[in-house]
Every structure is written in C-alpha cells, then in structure tokens.
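Structural overview for review
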Amino acid sequence: MNVIKKIYQYAEPNLSSVGWLGFFGFPVYYYVWTYLFPQPYESLWLRVIGTLLCLGLALRSFVPIKIQKYLPYYYYFTMGYCLPFFFGYMMIMNDYNNVWVMSFTSSICLHILLIHETKSLIIQTTISILIAYFIAIYINGNELSSFHDWAYIPIFLFVYIFGNVFYFRNQISHEAKVSIAKSFGAGIAHEMRNPLSAIKSSVDLLQSLLHTKHPTDSVPHYMIEQNDYQMVNELLDNMNHTVDSANETINLLLTSIDQNRIPTSTFKIYTISDIAQHAIQSFSYKNPLDRLAINIHIEDDFRFLGSDILLKYAFYNLFKNAFYYQNNENFHIEISITTQDKWNQITVTDNGAGIAKEHLQDIFKDFYTHGKNGGYGLGLPFCRRIMEAFGGKIECASVLGQWTEFTLLFPTESSSEMRKLKEELVNAKSLLYVGNEGDVRLRLKKQAQQMGFHIETITLPEATKRKEYDFEFDVIMVDLNQINRQWDLLTVLESQLHFSEAQIHYIYDADSQYPIHIERHLSVYPLERSYLLDQSASILYHLFFELPEIVEADRNVIPLKQERSEKCILIVDDNHSVRNLTAILLEKQGYHVLQASNGQEALGTMEAHEVDLILMDIEMPILDGIETTSTIRRSQKPYRHIPILGHTGDTNTPTLKRIRNSGMNDYIIKPADTNNLLDKLANWI
C-alpha cells in the first residue's frame with residue numbers, strides 16, 4: 001500500500017493532463033480506428049469505461065476528502081486498465097496487426113513513466129495481460145488464428161526491461177542528489193546549531209548574572225556606570241537577536257532545499273499580527289535606518305493556518321525585493337492587515353521603482369529575474385507556493401516608477417477553503433493512544449476513520465518497550481483509566497517521551513484519583529475523559545492545529561490520590577477466627593488489612609478500596625475462591641491484575657490444578673507458618 005501511495009504521489013503533478021488526455025483520447029481514437037483507418041476489431045464499451053476512469057483522475061480534486069485517501073488505489077487500477085489491459089486486449093483481438101503492435105509498444109513507454117516502481121509495474125502488467133488473454137479466448141471461443149505470435153514477445157520485453165532500467169537509474173540518481181542535498185543541509189544545520197546553542201546559553205547566563213543583585217556586601221561584585229550597563233544589555237539583546245535570526249535562516253535553508261515541496265506537517269494556527277511584527281523586527285537590514293522605512297497598520301487582526309517560518313520567509317523576500325528596487329530618498333513600505341467577507345489579506349506596498357505591466361505576469365515564474373544581479377528568480381515563485389499551501393494566493397499590482405503592491409490573501413476561519421485545508425492536512429496527522437480497549441479508544445478509532453488521520457493504539461507495557469525515536473507522533477494520549485494501575489511503567493514511559501516533539505495528553509476522569517507524579521520537565525496537558533468523548537472531533541482539530549499553551553499546563557486538575565505508606569491486603573475467608581487472627585498478624589507487620597467473608601463481599605470491597613493483594617480461601621459459600629478469582633480475571637476493572645494467593649488446606653492435585661487454572665498467582669497451605677506466609681506476601685507485593 002505504501003508503494004502504491006508513493007507511485008501516486010510521484011505522478012500526481014501530471015495526473016490532470018493524463019486524465020484529460022485519456023478522457024479525449026479514447027473516444028477520438030475510436031473514431032480514427034473505426035472510420036478514418038478502420039481496424040478489424042473495436043470496442044466502444046471498453047473505450048467508454050477508459051474514458052470515465054480517466055475523467056475521475058482529471059476531476060480528482062473535486063472528490064470528497066474522506067474518499068481521497070483511496071485515490072492512489074484508483075489511480076493504480078486505472079493505469080492497469082487503460083494501458084496494459086486495454087492495449088494488450090485490442091492487440092490480441094486485432095490479430096497482432098502493425099497498428100496495434102505499435103500502439104501497445106507506445107503504451108509500454110507511457111506505462112513506465114506513470115508507474116515508475118519496477119515490481120509494481122511487473123505485477124500490474126502480468127495480471128493485466130493475462131486477464132486480456134483469457135477474455136480474448138472467451139470472446140473468440142478459443143479461435144484466435146495467430147494468437148500465439150511469440151515473435152513480438154522479445155521486442156516487448158526489451159522495451160519493458162531496458163526502458164525501466166534506464167528510467168529507474170535516472171530516478172535513483174535524482175533521488176540520490178536530492179537526498180545528498182538534504183543530508184548536506186541537515187549536516188550544516190546541525191553543525192551550526194551546536195555553537196549557536198552554546199552562544200545563546202552563554203548570553204542567557206550573562207544576562208542572569210547582570211541582573212542578579214547580591215544580598216550582602218560579603219559577595220565580591222563590581223560597579224558599572226548606567227551607560228555601560230545599558231550598553232551591555234543592548235549588546236546581549238543583539239546577540240540573542242542574531243542567534244534567533246541564524247536559527248530561522250537554518251530553518252528556511254532546510255525548507256527551501258526542495259523548491260517544489262512545501263512541508264505542511266507542522267502547520268498550526270497563528271495570529272497574523274504576531275508573525276508580521278516579528279518579521280519586521282527580525283529582518284536583516286543592511287542599514288539600521290531601513291527599519292524606520294517599514295510601517296504596519298493593523299485594522300483587523302486575524303488568524304491563519306500555516307507555518308510561521310514560511311510566512312516570515314515570504315515577508316523577508318518582499319522586504320528584500322522592495323529595498324533592492326528603492327529609487328528615492330523618501331522610500332517607505334506600508335503593511336496593512338485587514339479582513340474581508342471571504343478573504344483575510346495583507347498588503348505590502350512600497351513607493352519604489354515599480355514593475356512594468358508586461359512583466360507582471362512573469363514575476364511568479366521560476367527563474368525569472370529582471371534587472372537584478374545575483375538573483376535566481378526563485379523567491380516570488382516560492383512565496384506563491386507558500387500561499388497556495390496556506391489555502392490562499394498572492395497577487396501583485398504595480399505602476400512603473402511609482403509603486404508596487406503585493407496582496408497576500410488568506411482564507412477566513414469559517415470559509416470552505418479553510419475547512420478543506422484542515423481536512424487535507426489532517427490526513428498527514430498521527431495520534432498514539434496508550435491504553436487498553438475502552439470507550440475512549442473506540443471513539444478515537446472511529447474519528448480516525450472519519451477524519452482520515454493515522455492512529456496507533458498500544459498498551460502501556462508495549463509502549464515502554466519502544467525506543468525513544470518510536471514516539472514521533474503529532475499527539476500522544478495516555479489513558480490513565482486504562483493502564484491497569486501499572487504506575488511504575490508510566491514513570492518509565494515518561495522518561496522515554498522526553499525526546500518526542502508530540503503534544504502529550506493524559507486522559508483522566510474527574511471522579512477518579514491517580515497515584516502519579518508527572519515528570520517535572522515533561523510538558524503534559526490534561527484532557528478530561530467525558531469532555532473528550534462528547535467533543536472528540538473539535539478537540540482533535542484543536543490538538544492538531546492549535547499551538548499548545550506557552551505556559552506550563554495546569555496539572556493540578558488531574559485528581560491525585562494521597563499516597564499510602566502501607567500496603568493493603570484483602571483477606572477473603574468464611575472462617576471468622578482464621579480471618580481475624582491472620583488480620584492481626586499482618587497488621588503487626590505494617591499492612592493495612594480488609595476482610596470479606598465470601599467472594600461476593602470481596603468484589604464489593606474491591607470496588608470501594610484499592611487493594612494490593614488478595615489472600616483467598618478456596619471453599620466459601622455464595623461465591624467460592626475459584627469462581628471469585630475467575631470473575632476478577634475476566635473483568636475489565638483496574639483490579640483484574642491484582643496478585644491473588646490461594647489459602648487452602650486441601651493439597652490434592654485436582655485442587656491445586658483448579659487454583660492454577662483460575663488465574664491465582666500462588667497458594668499457601670493452611671495452617672501456614674508465619675515466616676512462610678510473610679515471605680509469600682513479600683514476593684508478590
């Protein structure tokens with residue numbers, strides 16, 4: 001399935017052309033081979049099917065979001081039908097005449113281009129040709145005069161094999177170059193970020209020392225004048241600004257390595273004014289006075305779904321071009337932020353050299369430059385791709401010698417464009433649920449099917465066996481009600497989650513209590529269970545696209561259970577004397593003891609109290625020890641994994657076998673030696 005998706009993604013930029021060519025080509029060539037150059041056999045119905053399949057490819061953008069995830073398989077089937085099956089069948093039915101042999105050979109070349117993965121190509125071709133073969137035999141009643149014309153087979157194999165090999169080598173070479181470029185860029189980024197991190201840490205340390213006031217004169221310190229103090233502060237602020245700018249430059253470098261790809265996996269909802277003002281402050285001005293040339297007017301602030309880094313890149317590019325083409329001393333750039341009925345917009349207007357009318361239509365084309373030295377003509381085209389990835393667009397108006405205005409249009413939050421963008425982006429989101437089967441898990445799986453995001457569900461023990469790099473998800477949810485009270489494993493999991501960039505949420509029930517200590521340095525966001533069940537769709541959209549709170553999440557809303565210093569043991573025995581004497585013995589050892597006279601009473605006690613171990617008699621009225629243990633183990637209650645020790649005076653083999661089969665962990669023979677009893681309990685608590 002992953003291979004088919006990769007094939008579809010590779011071919012996607014050309015699918016509209018392929019779809020329309022097939023839509024018009026099938027009926028046009030029906031006319032050609034039926035009336036202009038008649039062939040022995042034609043099939044209108046096969047061509048109608050091919051026409052409709054290709055129309056589906058051409059109109060794929062209008063397919064509902066929920067169905068779009070099946071488009072790769074639709075594409076794979078369509079190519080199999082329209083190329084090897086159709087052309088192979090028509091060649092066989094036309095008795096291998098020259099027209100259809102050449103047509104089939106041509107289809108091989110197109111097939112190699114559109115299904116570039118060798119194994120998938122071979123499988124699809126083999127199945128399609130075999131189906132065409134047997135249908136042809138069935139239609140003709142096993143009477144195909146020159147059906148076994150094997151002389152053409154070496155020619156077809158030559159085209160398939162060598163065409164695929166050459167195409168594959170070119171593709172591998174291209175992917176290798178892109179991979180090397182990305183690796184090289186990532187290596188540079190890594191090497192640059194290490195010293196930048198060291199510089200930033202040093203600056204933070206210096207600032208903290210500078211602002212620290214010593215409480216007593218016993219600590220040596222030095223006095224500096226007010227002017228020097230302000231100057232040092234400014235220098236440190238400038239260093240911080242430089243480090244932040246360098247980090248942003250690295251991010252843009254990595255983003256821009258592949259100009260045709262806009263990464264959307266990190267899209268969040270941002271406030272436009274924050275990004276615009278930060279872009280103005282962080283832009284690398286050649287002259288400090290240039291900062292005074294930019295003015296911003298916020299009439300109506302708005303939010304957009306996208307990337308703050310990419311939008312700042314667009315601002316930087318517009319600023320850089322504007323300053324490059326300034327032509328007067330009174331040069332200035334005006335930024336206006338407004339909202340409209342359907343679109344929110346930013347206008348960036350300058351009174352520079354302007355752009356000639358005949359050049360306006362070319363400025364967003366790749367590699368187009370005009371009167372600019374050292375430029376590659378990729379900045380504005382990349383800005384256009386950024387805005388299209390945001391669900392918007394960028395436009396330009398200008399008067400030569402007077403002014404230039406760029407308008408960035410963003411969809412409003414309530415618009416169909418924004419809704420469609422969210423539905424598209426959510427398909428790339430991933431969620432990890434840690435917990436056992438339950439209503440929350442079922443609800444999340446249902447939402448994953450409806451919304452299209454990827455979900456993975458694992459138990460807590462399975463999660464702790466994973467490596468740190470196996471937690472690369474957008475959202476991780478840990479269900480505190482579905483981890484079988486394995487609080488020690490939760491601590492192990494928290495140590496592994498430090499390396500994940502996912503939003504981590506603990507699902508809790510307001511009516512429960514949890515004996516947990518959340519790791520202080522781990523950002524965990526509480527999520528109330530009933531609220532999640534009632535508003536699951538809106539909550540998931542919020543988690544996927546809204547920025548997490550800057551301040552640390554309020555963990556106090558999770559109800560915590562007060563720690564018990566002693567362990568709790570439940571003694572279940574219908575003999576009142578045995579029960580009391582055993583309870584007194586265990587209480588003297590520091591245990592907290594609860595008592596029940598039969599299995600039914602024991603189940604009720606466990607519902608109301610937290611128990612660490614059960615000492616269970618075997619023969620009891622109402623509900624005996626074997627039945628009670630089986631009921632506990634079959635339940636979905638948190639206590640189903642509690643250690644249970646059988647307490648019996650019957651040492652017969654059938655009784656001991658029943659104890660093991662019921663789910664008891666161990667047994668103690670009555671009357672038990674005190675040391676033996678305490679050792680057994682210590683082994684299981």
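Residues numbered from 1 in each chain as written. Predicted model: local features only at pLDDT ≥ 70, side-chain atom pairs only at ≥ 80, totals over all residues. Heavy atoms only, no water.

The chain is annotated in an unreviewed UniProt entry as histidine kinase from Vibrio gazogenes DSM 21264 = NBRC 103151.

1. What to know about the sheet that holds strand S8 (residues 430-434)
On the basis of which strands lie adjacent, the open sheet formed by 5 strands has the order S9-S8-S10-S11-S12 and parallel pairing. One side of each edge strand has no neighbouring strand; the edge strands of this open sheet are strand S9 (454-458) and strand S12 (524-528). With strand direction ignored, the average angle separating the axes of adjacent strands in the sheet is 25°. Examined bridge by bridge, strand S10 (residues 475-479) and strand S11 (residues 503-508) share 5 bridges and lie parallel to one another. Counted as the bridge partner of Val475 is Gln503 from S11. In the packing of helix H14 (residues 439-451) onto the sheet, the strands contacted are S8, S9, S10 and S11, and the crossing angle to S9 comes to about 160°. (Pairing = 2+ DSSP bridges. Helix = DSSP H or I, 4+ residues; strand = E, 2+ residues; numbered from the N terminus. Axes fitted to C-alpha atoms, helices over the stretch in contact; angles between N-to-C directions. Contact = heavy atoms within 4.5 Å.)

2. Remarks on the pairing of strand S6 (residues 393-399)
Only one face of S6 is covered, namely the one carrying Ile394, Cys396 and Ser398; the face carrying Lys393, Glu395, Ala397 and Val399 has none of its residues buried. The pairing of S6 with strand S7 (residues 403-411) spans 7 bridges and is classified as antiparallel. Following the sheet pairing, Ile394 is matched in S7 by Leu408. (Buried < 20%, exposed > 50% of the residue type's maximum accessible area, 1.4 Å probe, protein only.)

3. Points about the environment of Val557
Along the polypeptide, Val557 turns up in the loop between helix H18 (536-545) and strand S13 (568-572). The exposure class assigned to Val557 is partly exposed, which follows from its relative accessible area of 38%. Here the alpha-carbon distance between Val557 and Pro526, two residues 31 residues apart in the chain, equals 7.2 Å. Here Val557 is in contact with Tyr508 and Pro526, once residues within four sequence places are set aside.

4. Description of the packing of helix H2 (residues 15-36) against helix H3 (residues 44-58)
The contact between H2 and H3 brings their axes to 7 Å, and the two run at 160°. In terms of orientation, H2 and H3 fall into the roughly antiparallel class. In this structure, the crossing between H2 and H3 has a hand that is left-handed. Facing H2, whose interface residues are Leu15, Ser16, Gly19, Trp20, Gly22, Phe23, Gly25, Phe26, Pro27, Tyr29, Tyr30 and Trp33, H3 presents Leu44, Arg47, Gly50, Thr51, Cys54, Leu55, Leu57 and Ala58. Residues belonging to the contact of H2 with H3 are distributed by class as follows: 13 nonpolar, 6 polar and 1 charged. (Parallel < 35°, antiparallel > 145°, perpendicular 65-115°, else oblique. Left-handed = near helix turned anticlockwise from the far one by under 90°. Nonpolar A, V, L, I, M, F, W, Y, C, P; charged D, E, K, R; others polar.)

5. Quick notes on the pattern of salt bridges
Enumeration over the complete set of coordinates arrives at 9 salt bridges. Ionic pairing is found between Asp439 and Arg529, a salt bridge with its closest N-O pair at 2.1 Å. In this pair, Asp439 sits in helix H14 while Arg529 sits in helix H17 (residues 529-534), placing the two residues 90 residues apart along the sequence. Several salt bridges converge on common partners, so that one network encompasses Arg303, Glu413 and Glu546. (Salt bridge = Lys/Arg side-chain N within 4 Å of Asp/Glu carboxyl O.)

6. With respect to the nonpolar core
Phe319, Ile346, Phe410 and Met477 are the most contacted members of the largest nonpolar core, which has 70 residues in total. Counting contributing residues per domain, this core is built from domain 2 (268-417) and domain 3 (429-557), each supplying no fewer than three. With sequence-adjacent residues up to four places away left out, Phe410 is seen in contact with Ile272, Phe302, Phe304, Leu311, Lys342, Trp343, Asn344, Ile346, Met387 and Phe390. (Core = buried A, V, L, I, M, F, W, Y, C linked by side-chain atoms within 4.5 Å. Domains from an automatic or database assignment.)

7. What about the UniProt feature "transmembrane region" (unreviewed entry) in the chain?
UniProt marks residues 12-32, 44-62, 74-92, 98-114, 121-139 and 151-168 with the feature "transmembrane region" (unreviewed entry), using the numbering shown here. Measuring from the first to the last C-alpha atom of residues 44-62 gives 27 Å, for a span that is 79% helix and 0% strand. Secondary structure content for residues 98-114 is 100% helix and 0% strand, and the end C-alpha separation is 24 Å. (UniProt positions renumbered as here; feature names shortened; annotations may be inferred.)

8. Focus on the sheet that holds S6
For sheets, the rule is that strands pair by backbone hydrogen bonds, running either parallel or antiparallel. Pairing within the open sheet is mixed, and its 5 strands lie in the order S2-S4-S5-S7-S6. Two strands in the sheet have a free side with no partner beyond their single neighbour: strand S2 (294-298) and S6. Going from strand to strand, the sheet's axes swing by 15° on average, the running direction of each strand aside. Bridge count between strand S4 (residues 333-339) and strand S5 (residues 343-350): 7 bridges; the pairing is antiparallel. Following the sheet pairing, Glu334 is matched in S5 by Thr349. Packed on one face of the sheet, helix H10 (residues 272-282) meets S2, S4, S5 and S7 and runs near 170° to S2.

9. Points about the packing of helix H5 (residues 71-93) against helix H7 (residues 118-140)
Running from N to C, H5 and H7 cross one another at 45°; their axes reach a closest spacing of 8 Å. As the angle between them shows, H5 and H7 are arranged oblique. Considering only the axes of H5 and H7, their crossing is right-handed. In this structure, H5 uses Tyr76, Met79, Gly80, Pro84, Phe85, Gly88, Tyr89, Ile92 and Met93 to contact H7, whose residues at the interface are Ser120, Gln124, Thr125, Ser128, Ile129, Ile131, Ala132, Tyr133, Ile135, Ala136, Ile139 and Asn140. Across the contact of H5 with H7, the residue classes break down as 14 nonpolar, 7 polar and no charged.

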